[in-house]
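Observations on the model geometry
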Amino acid sequence: MRKILIVGAGQSGLQLALGLQARGYEVTLMSNRTADEIRAGRVMSTQCMFHTALQHERDLGINFWESQAPRIEGLGVSVGAPDASRPVDWVARLDGYAQSVDQRVKMAGWMETFAQRGGQLVIHGAAVSDLDYFSRTYDLVLVSAGKGELVSMFGRDASRSPYSEPQRALAVAYVHGLGPRPEHPDLEAVRCNLVPGVGELFVMPTLTTSGRADILFWEGVPGGPLDVFQGVKDPSEHLALTLELMERFTPWEYARATKVELTDANGTLAGRYAPTVRHPIGRLPGGGLVLGVADVVVANDPITGQGSNSASKCAAAYLASITEHGDQPFDEAWMQQTFDRYWETAQHVTKWTNAMLGVPPEHVLNLIGGAGQLPPVAHRIANGFNDPSDFEHFFYDPDKAGAYLESVAGA
């Protein structure tokens, strides 16, 4: 039986651990927190997962919260003008519903399941020296902890990382009491509000530790009017700032948020990081090799909502690579091929996300605006969140975008 060590108990690490466990591998999972500590801790992300990523969980039978979490059946885009009006406002249906399950709920539950099924769970914050030792006793060591000392083993891939600084200041609040959007009161949807030159507000339903809730998520251009959350420690102050900015820049969203309150004292999060692609293989002082997973090797800004989706897709790709490899050694060539297999999908996410962080060119504004008059365009953009590779065909090139809009309008 092959022995595999996974360091880090997030979406990708846990999904991969449970998948390998089900296939008979001897899996050890290292986490720096217990399930109870995760459940009682701070929110970690917004984690809206679309159809393909959710299907990977269903395939492993670990979609434990699917019947409880709100079914997100639509995705809408609004564009705010300087006078706080909305020149663009549309919503489209998703072909397969999306869902958001608070990672405190999911990761704690998955960790307990892994242990109940006989997996070895080690609660320990791993250092490079630990991995140096473990690499001699395991057939494969995977690093899926996206922060801290371990990430420094994986060098930045400058050719795939156009930004060296954070492109957005991030601020999340989980709330109860948000009213429905009057335009579609019965449709659960992710709402993307774009305020040119200022930032973005995302609003989405979720399942949290206290049941159904909504997430208010600001992405602010650094140094701009939304970049005010650094140093805010008090959760109620964080929420008050969130609402104040909504009233100023997205009054249509503020109108349904006048009665909200935080889900819990740990229901806020703020921070920033530079989107980075790293080389996938880490070299240990003793000569051993480790393979980076998900955010460790491809960390995109959350502006396109792809983090948990990419983590799920990475875990699925790595699971297939490991099981197909049989008893052969997990050498450097295999590690590179395994990452390359994931990069086939991840490259489209990175390209799209980095494009959305910049000033949108005229043809992209035409697409987003045209979607308001042309439902097929709205539908295609909305469903690109599930399969970002489709943007290659109509989103980046002005000629392709123009031809596509003409063809839809003509039809």
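Further up the page is the structure itself.
Residues numbered from 1 in each chain as written. Predicted model: local features only at pLDDT ≥ 70, side-chain atom pairs only at ≥ 80, totals over all residues. Heavy atoms only, no water.

Observations concerning the sheet that holds strand β15 (residues 281-283)
Note the cut-off: Any two strands between which DSSP finds at least two bridges are classified as paired. Note on conventions: DSSP H or I runs of at least 4 residues are helices, E runs of at least 2 residues are strands, and numbering of each starts at the N terminus. For helices, the axis comes from a line fit to the C-alpha atoms of the stretch in contact; other axes are also lines fit to C-alpha atoms, and the angle between any two N-to-C directions lies between 0 and 180 degrees. Two residues form a contact once any of their heavy atoms are found within 4.5 Å.
Read from one edge to the other, the open sheet built from six strands follows the order β6-β2-β1-β7-β16-β15, with strand pairing classed as mixed. Either end of the sheet is taken by a strand with one partner, and the two such strands are β6 (120-123) and β15. Within this sheet the neighbouring strands show an average axis-to-axis angle of 25°, counted without direction. When strand β1 (residues 3-7) meets strand β7 (residues 140-143), the two strands line up parallel, connected through four bridges. Within the sheet, the bridge partner assigned to valine 7 lies in β7 and is valine 143. Packed on one face of the sheet, helix α1 (residues 11-22) meets β1, β2 (26-31) and β7 and runs near 160° to β2. Running over the sheet, helix α8 (residues 307-324) touches β1, β7 and β16 (289-292) and is turned about 175° from β7.

Thoughts on the nonpolar core
Quick note on the threshold: Among buried residues, the Ala, Val, Leu, Ile, Met, Phe, Trp, Tyr and Cys ones that are joined through side-chain atoms within 4.5 Å form a nonpolar core. Type-normalised accessible area, obtained with a 1.4 Å probe on protein chains alone, sets the label of each residue: buried when under 20%, exposed when over 50%, and partly exposed for intermediate values.
Ranked by internal contacts, the top residues of the largest apolar core, which has 62 residues, are Leu131, Leu142, Tyr318 and Ile322. For this core, the leading source of residues is α8, giving seven residues. Leaving out residues up to four positions away in the same chain, isoleucine 322 has contacts with Ile4, Leu16, Leu20, Tyr25, Leu140, Leu142, Phe330 and Trp334. Ranked by size, the runner-up nonpolar core spans 44 residues in total, among them Val190, Met204, Ile215 and Ala371.

A word on the side chain of asparagine 383
Following the sequence through the fold, asparagine 383 ends up in helix α11 (residues 375-383). A relative accessible area of 14% means that asparagine 383 is categorised as buried. Among all residues touching asparagine 383, those that are not within four sequence positions of it are Arg93, Leu94 and Asp95.

Brief notes about the pattern of salt bridges
Note the cut-off: The term salt bridge refers to a side-chain nitrogen of Lys or Arg lying within 4 Å of a carboxyl oxygen of Asp or Glu.
By the definition in use, this model includes 23 salt bridges. Taken together, the salt bridges that share partners define one network made up of Arg86, Asp89, Arg181, Glu183, Arg191, Glu253 and Arg256.

Describing the environment of alanine 171
Structurally, alanine 171 can be placed in strand β8 (residues 169-176). C-alpha of alanine 171 to C-alpha of leucine 226: the two residues are 55 residues apart in sequence and 9.0 Å apart in space. If we skip the residues at most four places from it in the chain, alanine 171 touches Leu216, Phe217, Trp218, Phe229, His238, Leu269 and Ala270.

A closer look at unusual backbone geometry
The phi dihedral of glutamine 47 falls on the positive side, at around 40°, and the residue is not glycine. Note that glutamine 47 resides in the loop between α2 (35-39) and β3 (48-49). Not every positive phi belongs to a glycine, and alanine 294 is a case in point at roughly 50°. Structurally, alanine 294 can be placed in the loop between β16 and β17 (298-299). The exposure class assigned to alanine 294 is buried, which follows from its relative accessible area of 6%.

Quick word on the environment of glycine 118
Positionally, glycine 118 belongs in the loop between α4 (103-116) and β6. Overall, glycine 118 belongs to the exposed group, its relative accessible area being 63%. Taking C-alpha positions, glycine 118 is 9.2 Å from glutamate 26, a pair spaced 92 residues apart along the chain.

Considerations on α4
Put simply, the rule is: A helix is expected to reach a length of 1.5 Å times the quantity of its residues less one.
Over its 14 residues, α4 runs 19 Å from end to end, which matches the ideal 20 Å to within 8%, given 1.5 Å per residue. Burial analysis of α4 places 11 of its 14 residues in the buried class, which makes it a mostly covered element. Every buried residue of α4 is accounted for by Gln103, Arg104, Val105, Lys106, Met107, Ala108, Gly109, Trp110, Met111, Thr113 and Phe114. One or two steps after α4, the chain reaches glycine 118, where phi turns positive at roughly 95°.

Looking at helix α3 (residues 51-60)
Using the following cut-off: Working definition: the arc comes from the directions between the helix axis and the C-beta atoms, pointing outward to the latter.
Among all positions in α3, only Ala53, Leu54 and Glu57 are buried. Taken down its axis, α3 places every buried residue within 100° of arc, on the same side. In this fold, the buried residues of α3 make contact with α1, β3, β5 (88-100), α4 and α8.

A short note on the packing of α11 against helix α12 (residues 398-410)
Where we set the bar: Should an angle lie under 35 degrees it is considered roughly parallel, over 145 roughly antiparallel, and from 65 to 115 roughly perpendicular; all remaining angles are considered oblique. The classification used treats Ala, Val, Leu, Ile, Met, Phe, Trp, Tyr, Cys and Pro as nonpolar, Asp, Glu, Lys and Arg as charged, and all other residues, Gly among them, as polar.
It is the contact of α11 with α12, at a shortest axis distance of 9 Å, that shows an interaxial angle of 135°. By the angle between their axes, α11 is oblique relative to α12. Taken together, the residues of α12 that come into contact with α11 (itself represented by Pro376, Val377 and Arg380) are Tyr404, Leu405 and Val408. In terms of residue class, the contact of α11 with α12 is made up of five nonpolar, no polar and one charged.

Focus: the packing of aromatic side chains
Applied cut-off: A pair of Phe, Tyr and Trp rings is counted when the ring centres sit within 6.5 Å of each other, with Trp represented by its six-membered ring. The angle between the planes then sorts it: under 30 degrees is stacked, over 60 is edge-to-face, the rest tilted. To sit over a ring, a charge needs its Lys NZ or Arg CZ within 6 Å of the ring centre and within 35 degrees of the ring normal.
Enumeration according to the criterion identifies 16 aromatic pairs in this entry. Centre to centre, the rings of phenylalanine 134 and tyrosine 138 are 6.1 Å apart; their planes meet at 70°, and the pair counts as edge-to-face. Summarising the aromatic geometry, the rings of phenylalanine 395 and tyrosine 396 are spaced 5.7 Å apart at their centres and angled 85° between planes, so their arrangement reads as edge-to-face. Given a relative accessible area of 4%, phenylalanine 395 falls into the buried group. One aromatic cluster is present, formed by Phe50, Trp352, Phe385, Phe391, Phe394, Phe395, Tyr396 and Tyr404 through successive ring pairs. Across the ring face of tyrosine 138, the terminal group of lysine 3 is positioned such that the distance to the ring centre comes to 5.1 Å. Lying across the ring of tyrosine 396, lysine 351 places its NZ or CZ 4.5 Å from the centre.

Such coordinate-based values are descriptive only and should not be taken to indicate function.
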